[in-house]
Amino acid sequence: MPESNNKSSIANIGSQYTRLSVKGIYKSFPGVQALDDVSFEVLPGEIHAVVGENGAGKSTLMHIIAGVYQPNEGKMELDGSFYIPGDEKAAQKSGIAIVFQEGSLFAPLSVAENIFAGRQPVNKLGFVDFEKMKKHTQELLQDLEVNIQPSTLVADLSPGQRQLVDIAKALSQQVKLLILDEPTSSLTISEARLLFKIIRRLAELSVSIIYVTHRLAEVFEIADRVTVLRDGKVSGVREVENTIPDEIIHLEVGRELLFAHETARVPVEASIALEIENLVAPPVKSSSITVRAGEIVCLAGLVGAGRTELCETIFGIRQPVSGRILVDGSEITPRHPIDAMRAGIGMVPEDRREAGLFLSMSVAANIGVANMEKVTHMGLLADSEIKQLAKEYTDTLKVVTPSLEREVMYLSGGNQQKVLLARWLARQPRILIVDEPTRGVDVGSKADLYAILRELAKSGVALLVVSSDLPEVLALAHRIVVMSEGRTVGELNPDQADEVSIIQMATPRSIITQGG
Amino acid sequence: MSLKPSSKENEGGTNTIKKLNRKWNLQRLGGYIARDRILLLILLITILSGFMTFTYPEAFPQTDNFAAVLLDTAQNGILTVGMMILLVGGVFDLSIGSILAFSGIVAGILVKDIGVPPIVALLGGILTGSLCGAINGFIITRWRINALITTLAMQGILRGVTQLFASSGVANLPEGFRPFGQTKFLGLQSPFWVMAIVVLVAWFAMSHTRFFRQFYYIGSNERAAGLSGIKVDRVNFIGFALMGTLSGLAGTLLASRLSNAVVLAGIGTDLRAITAAILGGASLHGGIGTIHGAFLGVLFMSLIQNMLIIARVPVFWQSIVVGMVLLIAIGIDQLGWRNQ
């Protein structure tokens, strides 16, 4: 683990007053106790990481601190006085700024207009003073050593640059406490380095930082202390210097090695089900992969490495410029997903809600959609057969739903993901591509989904799994293929690989030397 | 605050179902109108008929008046079927009135000026509509110009082209062309029966055939539909071509019924058809709506029209009322959507 090089503030803990203290916060949503007696504190100039599994309550806690939600019980103090933000505006006035994962910028406007949104400087005539706005923005960005022009449109920025603009926006308003929610999820390595530098500088200026993340490596690189949440409760607070990643994982999960790696190997004699040869489809630059029947190949890499695009090309959503896709040894040229489907390929997309589900339609209809050929006789759909099919596969995958008629939007993330898997399993595919199989699902469903994928592999399906969750890659894969900057750069054996070796292989060389 | 729902859901975990069950019960009442549109329409139609029977006993409950109301549903019914299918798929067509007029004129010119057999002129008119619809579909699915703009442009272009072809229309169409729109069967004129067949066939298709069921998936989530193997562009193209065909059918029937092909025919039919479809349960968000709902929407609008005529309300009021009905229907739709 990279050692933190900013531990100066640690020495002073205890002698200083606290910046923010949160005491006994309870927050429930209908049917869910999201936060259960949560207390924690942040010191001035401290970088305080908050970690926990999905659904542990991190976001809810941050939303309460930022004034978006009101707690049911509990109190907060900011610099020693009561702090009860009625809404986000009030929190901002008190000096608390939050930068969300998704960002909150207006794409068609310039960087300067975004930073001063809602409070543009005006001249004597009451018109917006663009010169002044640009100048302030320029100063702000230079201060952060961010090389972005104030007049650039946000739409033209990379996701990472947008994140930095979002942070600059937060900083432009006298901030005492800055909350960053998964700030590096869309950043490149060099952008993340820059962000860390900025965070450290802010800490030196005694701005407090709450850093919400699920990436432990980042906690150990940047944070002074870490608070771990589990099921809405604080399961531990540690000084980063005096802990190790395993301890934090234990606090997060509360169980020993939840998802052990399965050692079963796939015999090399198993036939190759999917073979990708030098496939080029920008941003994918020459990638080759083989997946044998019964094998789980995990595609690892950084965000933006071209993994999703590679899968989309195999599934006929994008057209390759060159290269070949072979299924069971014969070449296919899918021009539309239906072509790939007819060749025996299925795909569960990354974005369940946008690209996968028909949210307002029933569970049965969601499963039936990819299986209409099977249940159509002379052009007529047999509804009873759709239901039968849906019943069969929701039973097999143990989907929790009150009925097959229930609109799928009312199901939990894990069950929605199972419905998507059921859709494809009903087609009995030879090859299944699963992009981020467990994003946004709770720990229990995660275990179910792993079991389903392993069972599928055992039955002889070739699985190509894209995952950004490295423990997941290590737990699931029979073989790990690493992509970097649009290319497949190597293979790893999960028995010998660890998170560090994957990241090393996934990190583009140019950026490593540049960044440090 | 787009952030709220997503984070709420993250925290929901395994309890989400329980939570939403309760929510659904609470909002059941609010969403009821939006959910059971069929019952609501039947109720409204009954109330309206009862009120009219009571208020105008000499004018309303008469066989002739009922025949007039049903004849009035013919054109709007044919068009609303097509509009409903498009709305289920999440799009709509503003050029139907112009296609209607253009098809009528083409049929009129064919039968009167060129002198082809009436049945050929009829088919010519209908196919003209198909062609116009196919052009709409081509522009929308190939050039990726949105449906609103494409069909709005087509509305203007075709109206102008129609006037270019026949400055004021084609009058006094030959005897042989008239039976299509003027034959009576069981006391009702043929356009009603044509509409009845269109409605029945479309109802069957939308509820039972694989092809037409694809519109529901596309309207619900176009991207997911494509990723599930549905050829979205092809289905949309056929939807617009079908809308054009039905407009051509309506235009040719109108010309036959009036013995005249009128250049200004069909103005305002787009508004009426969209209103009837939304009334009948379609949503601007796509993915929902039924053909029987569309027919009830059409019937309801014809009754309102009939009521205004019997009550001797000036003609311009009809347009005001239709516009207001559309706003109310869309308001209900939005209400139901927000409750979800």
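Being a predicted model, the structure only gives us computed values, none of them experimental.

1. Things to note about the overall build of chain A
Link 1 in the chain: A tally of helices and strands in chain A yields 18 helices and 22 strands.
Link 2 in the chain: When each of the 516 residues of chain A is scored for burial, the buried share is 48%.
Link 3 in the chain: Contacts in chain A between residues far apart in sequence, at least 24 positions, make up 68% of those at least 6 positions apart.

2. What to know about the overall build of chain B
Link 1 in the chain: On a plain count of helices and strands, chain B comes out with 15 helices and four strands.
Link 2 in the chain: Residue burial in chain B is summarised as follows: out of 340 residues, 48% are buried.

3. Remarks on the domain arrangement of chain A
Link 1 in the chain: Along its sequence, chain A is carved into domain 1 (1-95 + 174-255), domain 2 (105-173), domain 3 (271-344 + 430-443 + 457-516) and domain 4 (358-428).
Link 2 in the chain: For domain 2 of chain A and domain 3 of chain A, the distance between their C-alpha centroids amounts to 38 Å.

4. Concerning the pairing of strand 21 (residues 479-484) of chain A
Put simply, side chains in a regular strand alternate between the two faces of the sheet.
Residue and element names in this part refer to chain A.
Link 1 in the chain: With five of six residues buried, strand 21 is to be regarded as a mostly interior element.
Link 2 in the chain: Sheet topology note: the strand 13 (residues 296-301)/strand 21 ladder contains five bridges and is parallel. Counterpart to Val 297 in the pairing with strand 21 is Arg 479.
Link 3 in the chain: Across five bridges, the pairing between strand 21 and strand 22 (residues 487-492) is antiparallel. The partner of Val 482 across the bridge, within strand 22, is Gly 490.

5. Re the sheet that holds strand 16 (residues 345-348) of chain A
Sheets are built from strands that pair by backbone hydrogen bonding, the pairs being arranged parallel or antiparallel.
All names here are of chain A.
Link 1 in the chain: With mixed pairing, the six strands of this open sheet are ordered in space as 16-19-20-13-21-22. The open sheet has two edge strands with one neighbour each: strand 16 and strand 22. In this sheet, neighbouring strand axes are inclined to one another by 20° on average, regardless of whether the strands run parallel or antiparallel.

6. Section: unusual backbone geometry
All names here are of chain A.
Link 1 in the chain: With an omega of 5°, the peptide bond between Pro 282 and Pro 283 qualifies as cis.
Link 2 in the chain: Note that Pro 283 resides in the loop between strand 11 (272-281) and strand 12 (284-292).
Link 3 in the chain: Even without being a glycine, Asp 328 presents a positive backbone phi close to 50°.
Link 4 in the chain: Residue classification places Asp 328 among the partly exposed residues on the basis of 16 C-beta atoms within 10 Å.

7. Considering the packing of helix 10 (residues 210-220) of chain B against helix 12 (residues 232-258) of chain B
Residues and elements named next belong to chain B.
Link 1 in the chain: Where helix 10 meets helix 12, the closest approach of the two axes is 10 Å, and the angle between their N-to-C directions is 115°. Considered as vectors, helix 10 and helix 12 are oriented roughly perpendicular to each other. Helix 10 and helix 12 meet at a crossing whose hand is left-handed. Across the interface between the two elements, Gln 214, Phe 215 and Ile 218 from helix 10 touch Val 232, Val 235, Asn 236 and Gly 239 from helix 12.

8. Structural notes on the packing of helix 3 (residues 37-55) of chain B against helix 14 (residues 291-310) of chain B
Residue and element names in this part refer to chain B.
Link 1 in the chain: Contact pair helix 3 / helix 14: the axes reach a minimum separation of 10 Å and the direction vectors enclose 20°. Taken together, the axes of helix 3 and helix 14 lie roughly parallel to each other. As helix 3 runs across helix 14, the sense of the crossing is left-handed. Residues Arg 37, Ile 38, Leu 41, Ile 42, Leu 44, Ile 45, Leu 48, Ser 49 and Met 52 of helix 3 form the contact with helix 14, whose participating residues are His 292, Gly 293, Leu 296, Gly 297, Leu 299, Phe 300, Leu 303 and Met 307.

9. So, helix 6 (residues 118-142) of chain B
Link 1 in the chain: For helix 6 of chain B, spanning 25 residues, the distance from its first C-alpha to its last is 35 Å, which sits close to the expected 36 Å at 1.5 Å a residue.
Link 2 in the chain: Where helix 6 of chain B terminates, the next one or two residues include Arg144(B), which has phi positive at roughly 60°.

10. Considerations on helix 14 (residues 413-425) of chain A
Residues separated by three or four positions in an α-helix point in the same direction, a consequence of the helix having 3.6 residues per turn.
Link 1 in the chain: With 13 residues, helix 14 of chain A should reach 18 Å at 1.5 Å per residue; the first-to-last C-alpha distance of 18 Å fits that figure.
Link 2 in the chain: When you tally the buried positions in helix 14 of chain A, you get 13 out of 13 residues, the bulk of the element.

11. So, the pairing of strand 8 (residues 208-212) of chain A
All names here are of chain A.
Link 1 in the chain: Counting buried residues in strand 8 gives five out of five residues, a clear majority hidden from the surface.
Link 2 in the chain: Neither face of strand 8 is left uncovered, since the one carrying Ser 208, Ile 210 and Val 212 and the one carrying Ile 209 and Tyr 211 both have all their residues buried.
Link 3 in the chain: When strand 7 (residues 177-181) meets strand 8, the two strands line up parallel, connected through five bridges. The residue bridging Leu 178 from the neighbouring strand is Ile 209, located in strand 8.

Each value, and the rule that gives it
- Numbers given for residues are sequential positions, taken from 1 along each chain in its written order.
- Going through the entries in the order they are written, you letter the chains from A and number the ligands from 1.
- This being a predicted model, a pLDDT of at least 70 is required before a residue's local features are given, and a value of 80 or more before pairs of side-chain atoms are given or counted; all residues contribute to the totals for chains, interfaces and linings.
- Under the scheme used here, helices are H or I runs from DSSP no shorter than 4 residues and strands are E runs no shorter than 2 residues, and both carry numbers assigned from the N terminus.
- Buried, partly exposed and exposed are defined by the number of other C-beta atoms within 10 Å of a residue's own C-beta, namely 20 or more, between the two limits, and 12 or fewer respectively, with C-beta atoms placed from the backbone.
- By the convention adopted here, residues are in contact when the distance between their C-beta atoms, placed from the backbone, does not exceed 7 Å.
- These domain limits were set by an automatic method or by a database of domain assignments.
- Here, a strand pair is defined by DSSP locating no fewer than two bridges between the strands.
- Interaxial angles span 0 to 180 degrees and are taken between N-to-C directions of axes, which are lines fitted to C-alpha atoms, for helices over the stretch in contact.
- Note that the term roughly parallel is reserved for angles under 35 degrees, roughly antiparallel for angles over 145, roughly perpendicular for angles of 65 to 115, and oblique for everything else.
- Crossings are assigned a handedness: left-handed for a near helix turned anticlockwise from the far helix by less than a right angle, right-handed for a clockwise turn.
- Multiplying 1.5 Å by the residue count of a helix minus one yields the expected span of that helix.

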